[in-house]
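# Coordinate inspection notes
Okay, here's what each chain looks like letter by letter:
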Amino acid sequence: MEPVQLTIDGVQGATDEASRPLVLRMPHEGDLPRIAEMFTDPAVIANTMVPVPWPQADRDAYVERYRESWRQGWPRWMIADAETDDVLGMVGLRAEGFGAEIIYQTAPWARRRQVALRACHTALRFTFDELDVSRVAWGAVTGNHLSRLIALRLGFTMEGISRHGIVQRGTPTDIWAAAMLPGELRDPADPPADYPLMRRRAGVFTGEQPRLSTEHSAVTLRALTEADIEPLTETGQDPVILEWTTLPRPYRLTHSEGFVRDIAPKAWREGDGAVYAIADGDDKYCGTIEIRLHTTDPYEGDIGCMTAPWARGRGYMTAATRSLIRYGFDALGLERIVWHAHAGNAASIRVAEKAGFVAEGVLRNGVRHFGEHRDLWQGSILRTDLENPEPSLNQE
């Protein structure tokens, strides 16, 4: 296949750099310094398999690699500004199973200009129109929320996480996996339902997990740290915690190490929710609280928590819960947050009611607790409950 150059019109009605036309073309030797600069960008390094540092041998073979890809029937282009010819990234296809996989990179100086979105849309349209391709795959390192946002905008269907789906500089790494079939490519001007919410959350989870203040002067919420491992282990071994939670039994140091080092940061990285340590005025661990996003309803979440035995009876958990509720509504765009407690766990139900949750009923046999079914109390709080509060005997 001979290389084909494609042009992309500017964005109609836009007045900023996003309006500038683009061109998909073959690279040339003059592009190499700009490409080398792109490959030193921390985001490109974190989310691709580009060798660090970029070897001279790869640099010497870069242009020829594009020609060889075309000879094999797989188009690959540099993305350039149609007016200045400056390199803005790359996009291309490669063989993947019985179909193709789209790959792309955006130069740091080209971000927030819809460069990747427009280039990928044009490349995919060319692929489905000109190549005998029945499926195009997409993948991104988990945590690359901006790439995932582009894939959703283009019409890819998320299929899950491929554990250790790539080896990134010698390290097996999880990737998000998605696919697109003929007829599923979306027009960039026609975003999917709930796209504003997706974009909002991509911005949240791309950044660092923030510290949250509370109404209690001695309490803040922060990400878990190594210093929390031992007090978390002690909390997990407390008889009250074991009675009302499904933590592993016996709860060991290895469990808290895995939670702090893997489970909690993974929830934030993958955008599934946020796990927080409840910290006192000396920043010491006093409990854990987390908000989890619903797997199918993007506007619903739920809160789970446990208080360290030395921090009970001080109002810490109520303050922490109220703070996380507000974060869920304001930052994550939730409309409804649910609270579950084992029926009979009066302390948990009391905290939920003080935080503003309204009882909805009991889920019979709602949880399996070490070989036995238990009923679950369920309550919820809506965004409108905070916007239009009503007097309640449960409020402090």
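Residues numbered from 1 in each chain as written. Predicted model: local features only at pLDDT ≥ 70, side-chain atom pairs only at ≥ 80, totals over all residues. Heavy atoms only, no water.

## Examining the layout of surface pockets
Computed from the structure, the second largest pocket encloses a volume of approximately 1,300 Å³. Trp-244, Thr-245, Gly-304, Cys-305 and Met-306 are the residues nearest the centre of the second largest pocket, which is lined by 42 residues in total. Where the lining of the second largest pocket is concerned, the elements lending two or more residues are α8 (239-244), α9 (253-269), β12 (285-293), β13 (300-307), α10 (316-330), β14 (336-342) and α11 (346-354). Of all the elements, β13 adds the most residues to the lining of the second largest pocket, at six residues. For the lining of the second largest pocket, a count of residues per class yields 21 nonpolar, 13 polar and eight charged. (1 Å grid on protein atoms, 1.4 Å probe; cavity = no way out; pocket = protein on both sides within 12 Å on 5 of 7 lines; lining within 4 Å. Points joined across faces, edges and corners; volume = space filled by probe spheres on them. Helix = DSSP H or I, 4+ residues; strand = E, 2+ residues; numbered from the N terminus. Nonpolar A, V, L, I, M, F, W, Y, C, P; charged D, E, K, R; others polar.)

## Side note on the nonpolar core
In this structure, Ile-35, Tyr-62, Val-91, Ile-102, Trp-138 and Phe-156 are the most contacted members of the largest nonpolar core, which totals 51 residues. Other than its neighbours up to four places away in sequence, Tyr-62 contacts Pro-27, Leu-32, Ile-35, Phe-39, Trp-54, Met-78 and Met-90. Core analysis: the next-biggest nonpolar cluster, separate from the first, contains 35 residues, Val-204, Trp-268, Met-317 and Ala-352 among them. (Core = buried A, V, L, I, M, F, W, Y, C linked by side-chain atoms within 4.5 Å. Buried < 20%, exposed > 50% of the residue type's maximum accessible area, 1.4 Å probe, protein only. Contact = heavy atoms within 4.5 Å.)

## Focus on the sheet that holds strand β6 (residues 136-141)
Read across the open sheet, the eight strands follow the order β1-β2-β3-β4-β5-β6-β8-β7; overall the sheet is mixed. Two strands in the sheet have a free side with no partner beyond their single neighbour: β1 (6-8) and β7 (157-168). Pairwise comparison of adjacent strand axes, ignoring direction, gives a mean angle of 25° for this sheet. Sheet analysis places β7 next to strand β8 (residues 171-180), joined by eight bridges and oriented antiparallel. Opposite Gly-160, over in β8, you have Ala-177 as the bridge partner. Contacting β3 (76-81) and β4 (87-96), helix α3 (residues 56-71) runs over the sheet at an angle of about 125° to β3. (Pairing = 2+ DSSP bridges. Axes fitted to C-alpha atoms, helices over the stretch in contact; angles between N-to-C directions.)

## Re the side chain of Arg-201
One can find Arg-201 in helix α6 (residues 195-206). With no salt bridge to any partner, buried Arg-201 finds its closest opposite charge in Asp-297, at an N-O distance of 7.6 Å. Not counting chain neighbours up to four residues away, the residues in contact with Arg-201 comprise Leu-293, Pro-298, Leu-332, Gly-333 and Leu-334. (Lys, Arg positive; Asp, Glu negative; His and termini not counted. Salt bridge = Lys/Arg side-chain N within 4 Å of Asp/Glu carboxyl O.)

## Examining the sheet that holds β12
Within the open sheet, the eight strands sit side by side as β9-β10-β11-β12-β13-β14-β16-β15. Their pairing is mixed. Across the chains shown, the open sheet's two edge strands, defined by having one partner strand only, are β9 (212-213) and β15 (358-369). The sheet strands contacting α9 are β11 (273-279) and β12, and the helix crosses β11 at an angle near 130°. The strands touched by α10 are β9, β10 (220-222), β11, β12, β13, β14 and β16 (372-382); relative to β12, the strand with the most contacts, the crossing angle is about 30°.

## Structural notes on the confidence of the model for the protein
When the pLDDT values of the protein are averaged, the result is 94; 96% of them are 70 or greater. Counted against residues more than four places away or in other chains, residues 391-396, with its pLDDT under 50, gives nine contacts. (pLDDT = per-residue confidence, 0-100.)

## Observations concerning the packing of helix α5 (residues 145-154) against α6
For the pair α5 and α6, the least separation of the axes is 9 Å and the interaxial angle reads 165°. Taken together, the axes of α5 and α6 are roughly antiparallel relative to one another. For α5 against α6, the interelement crossing comes out right-handed. Contacts between α5 and α6 involve His-145, Leu-146, Leu-149, Leu-152 and Arg-153 on the former and, on the latter, Tyr-195, Met-198, Arg-199, Ala-202, Phe-205 and Thr-206. For the contact of α5 with α6, the per-class residue count stands at seven nonpolar, two polar and two charged. (Parallel < 35°, antiparallel > 145°, perpendicular 65-115°, else oblique. Left-handed = near helix turned anticlockwise from the far one by under 90°.)

## Thoughts on the environment of Val-52
Following the sequence through the fold, Val-52 ends up in the loop between α2 (42-47) and α3. The spatial distance from the C-alpha of Val-52 to the C-alpha of Ala-116 is 23 Å, given a sequence separation of 64 residues.

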